[in-house]
Amino acid sequence: MTSDSPSLVKLKDTLRHDWSRAEINAIFTLPFPELIFKAQQVHRQHFDPTKIQISTLLSIKTGGCPEDCAYCPQSAHHEKSVERENLMALDKVITEAKAAKKAGAERFCMGAAWKAPKDRDLDPVCEMVREVKALGLETCLTIGMLTPTQSARLKEAGLDYYNHNLDTSEEFYGSIISTRTYQDRLDTLSNVRDAGINVCCGGIIGMGENEEDRVGLLMTLANLPKHPESVPINLLVRVEGTPLQDASSVDIITFVRVIATARILMPASHVRLAAGRETMSEADHALCFLAGANSIFWGEKLLTTPNPVKNKDQRLLDLLGMNPVEPSCASSAHA
Ligand code: SAM
Ligand code: DTB
Ligand code: SF4
């Protein structure tokens, strides 16, 4: 593991966790050229702007989810939800992880459509974490709410990151999900953090939220006791059969403003351009990277919906003169 240089340590010391709504709003609404310039300045203090962190997703337990998240095709509450499947066998997970590594992924993120894992589910999941890590990949899970004991077991198995999104502002949250509360989400984030696992937490843009909700989400994320190491910003994938199938689209400039503001508020975090890239042009991608996004999901599927194929992403990075971060040893999880 490489230790941070003294100057980077100093920069990290200046991270803030007391942003006011007015301050965030002032950043979010800056004239676009000023916003991008500021985001670029901050990005370059912490990262090489030509490097992109690469993660690959796998749904290890698909469909039949008891939660009612309005955006999600895996919720059993929605009419046309995806077919329910059992937990994937370990050998299949390993085959997929090997393929992801070969394709250049640094991190392998396994998702399960659970409200929370049952304690008996945790044994096979811990085994997956151990085996994926042994391949030299960083490990990430997103399997619902966790208790402190479950978090500790996953840490012990070698889990590097846990993804658990706040999705939107506390105020708008109730219009999107009724089966769990915002506080439930915050509690899991705190359990994961206390267990010493890196946190991946972000949200979705395009669910009918307003500007205040976008600012509110960013304020909650940036004012957590420690910034999430990864901040995924998803553009809603409007899936037929979900209550949000006809949600109004969001213009790319607004989406880029969210990315740039996240970059400025959480300067040392990886900001991930997550779901929604399938409908974005190369120029849209370039704007997101200029705004400070420095991570993507690589591979033709997210969990259940399509993502750009690898050739297309490779062409994009070639066009932009950008490169994936070199995979490091999985045992040295870093921010
Ligand atoms: N069940 C677990 C949970 O909700 O934490 C993990 C899987 S869940 C699919 C992970 C995240 O994917 C959600 O929190 C949400 O932010 C994102 N997501 C799900 N469906 C999406 C969609 N249609 N468009 C964009 N993001 C989506
Ligand atoms: C995140 O913020 N986005 C990813 C990952 N974390 C788990 C998931 C996106 C899912 C998009 C809908 C689907 O493919 O089912
Ligand atoms: Fe279930 Fe997660 Fe989908 Fe919500 S987002 S319905 S919790 S799989």
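Residues numbered from 1 in each chain as written. Chains lettered and ligands numbered in written order. Predicted model: local features only at pLDDT ≥ 70, side-chain atom pairs only at ≥ 80, totals over all residues. Heavy atoms only, no water.

## Quick word on the site of ligand 1
Thr142, Asn165, Asp167, Arg185 and Val237 are the nearest of the 16 residues found near ligand 1. Between ligand 1 and the protein, one listed contact pairs a nitrogen atom with a backbone N or O atom of tyrosine 71 at 3.1 Å. Aspartate 167 has a polar side-chain atom sitting 2.7 Å from an oxygen atom of ligand 1. Notes on ligand 1: free accessible area 550 Å², of which the protein chains cover 90%. Taken together, the residues of the shell around ligand 1 break down into 9 nonpolar, 5 polar and 2 charged. (Near = heavy atom within 4 Å. Polar contact = N/O pair within 3.5 Å; in protein donor to acceptor, adjacent residues only side chain to side chain. Areas by Shrake-Rupley, 256 points an atom, 1.4 Å probe, with all protein chains shown as cover. Nonpolar A, V, L, I, M, F, W, Y, C, P; charged D, E, K, R; others polar.)

## Looking at the packing of aromatic side chains
All chains considered together, the criterion is met by 1 aromatic pair. A ring pair is formed by tyrosine 173 and tyrosine 182, whose centres lie 5.1 Å apart and whose planes are at 75 degrees; its orientation type is edge-to-face. Tyrosine 182 carries the same exposure label as tyrosine 173, and that label is buried. In this arrangement the basic side chain of arginine 272 is found over the ring face of phenylalanine 297, its NZ or CZ atom lying 5.0 Å from the centre. (Phe/Tyr/Trp six-rings, centres within 6.5 Å; stacked < 30°, edge-to-face > 60°. Buried < 20%, exposed > 50% of the residue type's maximum accessible area, 1.4 Å probe, protein only. Lys NZ or Arg CZ within 6 Å of the ring centre and 35° of its normal.)

## Topic: helix H8 (residues 182-194)
Structurally, the α-helix is built with 3.6 residues per turn, so residues lying three or four positions apart point the same way. Taking 1.5 Å per residue as the helical rise, H8 with its 13 residues ought to reach 18 Å, and the 18 Å between its terminal C-alpha atoms agrees with that figure. Where H8 is buried, its residues meet helix H6 (148-157), strand S4 (161-163), helix H7 (170-173), strand S5 (198-200) and helix H9 (211-222). Remark: glycine 196 follows H8 within two positions and exhibits a positive phi of approximately 85 degrees. (Helix = DSSP H or I, 4+ residues; strand = E, 2+ residues; numbered from the N terminus. Expected span 1.5 Å × (residues − 1). Contact = heavy atoms within 4.5 Å.)

## Considerations on the nonpolar core
General note: in soluble globular proteins, nonpolar side chains tend to be found buried as a group. In this structure, Tyr71, Ile143 and Leu154 are the most contacted members of the largest nonpolar core, which totals 89 residues. The element that contributes the greatest number of residues to this core is helix H10 (residues 252-265), accounting for 8 residues. Residues contacting leucine 154, with those up to four places away along its chain left out, are Leu122, Val125, Cys126, Leu141, Ile143, Leu146, Leu159 and Ile197. Of all hydrophobic cores here, the second largest spans 8 residues; its members include Leu57, Cys109, Cys140 and Leu302. (Core = buried A, V, L, I, M, F, W, Y, C linked by side-chain atoms within 4.5 Å.)

## Digging into the environment of alanine 247
Inspection of the secondary structure assignment puts alanine 247 in the loop between strand S7 (230-235) and H10. Between the C-alpha atoms of alanine 247 and isoleucine 143, which are 104 residues apart in sequence, the distance is 26 Å. With residues up to four places along the chain from it excluded, the contact list for alanine 247 reads Gly206, Leu236 and Arg238.

## Some remarks on the UniProt feature "binding site: [2Fe-2S] cluster" (unreviewed entry) in the chain
Mapped onto the present numbering, the UniProt feature "binding site: [2Fe-2S] cluster" (unreviewed entry) falls at Cys109, Cys140, Cys200 and Arg272. The annotated residues occupy 164 residues of the chain but converge on a single region, no pair of C-alpha atoms lying more than 14.0 Å apart. Judged by its relative accessible area of 4%, cysteine 109 is buried. Beyond its immediate stretch of four places on either side in the chain, cysteine 109 contacts Thr56, Leu57, Leu58, Cys140 and Thr142. By the secondary structure assignment, arginine 272 is in strand S8 (residues 270-273). A relative accessible area of 3% means that arginine 272 is categorised as buried. Setting aside chain neighbours within four positions, we find arginine 272 in contact with Gln53, Ser55, Arg107, Cys200, Ser230, Val231, Pro232, Ile233, Ser295, Ile296 and Phe297. (UniProt positions renumbered as here; feature names shortened; annotations may be inferred.)

## Focus: the site of ligand 3
Taken together, Cys65, Glu67, Cys69, Tyr71, Cys72, Ser75, Ala113 and Arg180 make up all the residues around ligand 3. Broken down by class, the residue content of the shell around ligand 3 amounts to 5 nonpolar, 1 polar and 2 charged.

## Considering the pattern of salt bridges
One pass over the structure, following the stated rule, counts 13 salt bridges. Between glutamate 127 and arginine 130 there is a salt bridge; the shortest N-O distance is 3.0 Å. Highlighted residues: glutamate 127 and arginine 130, both in helix H5 (residues 119-134), separated by 3 residues, approximately one helical turn. According to the relative accessible area criterion, glutamate 127 is partly exposed, its value standing at 29%. One salt bridge connects arginine 214 with glutamate 209, and the closest N-O pair in it is separated by 2.9 Å. Exposure remark for glutamate 209: the relative accessible area of 5% places this residue in the buried category. Within this structure, Arg16, Asp18 and Glu23 form a network of salt bridges that share partners. (Salt bridge = Lys/Arg side-chain N within 4 Å of Asp/Glu carboxyl O.)

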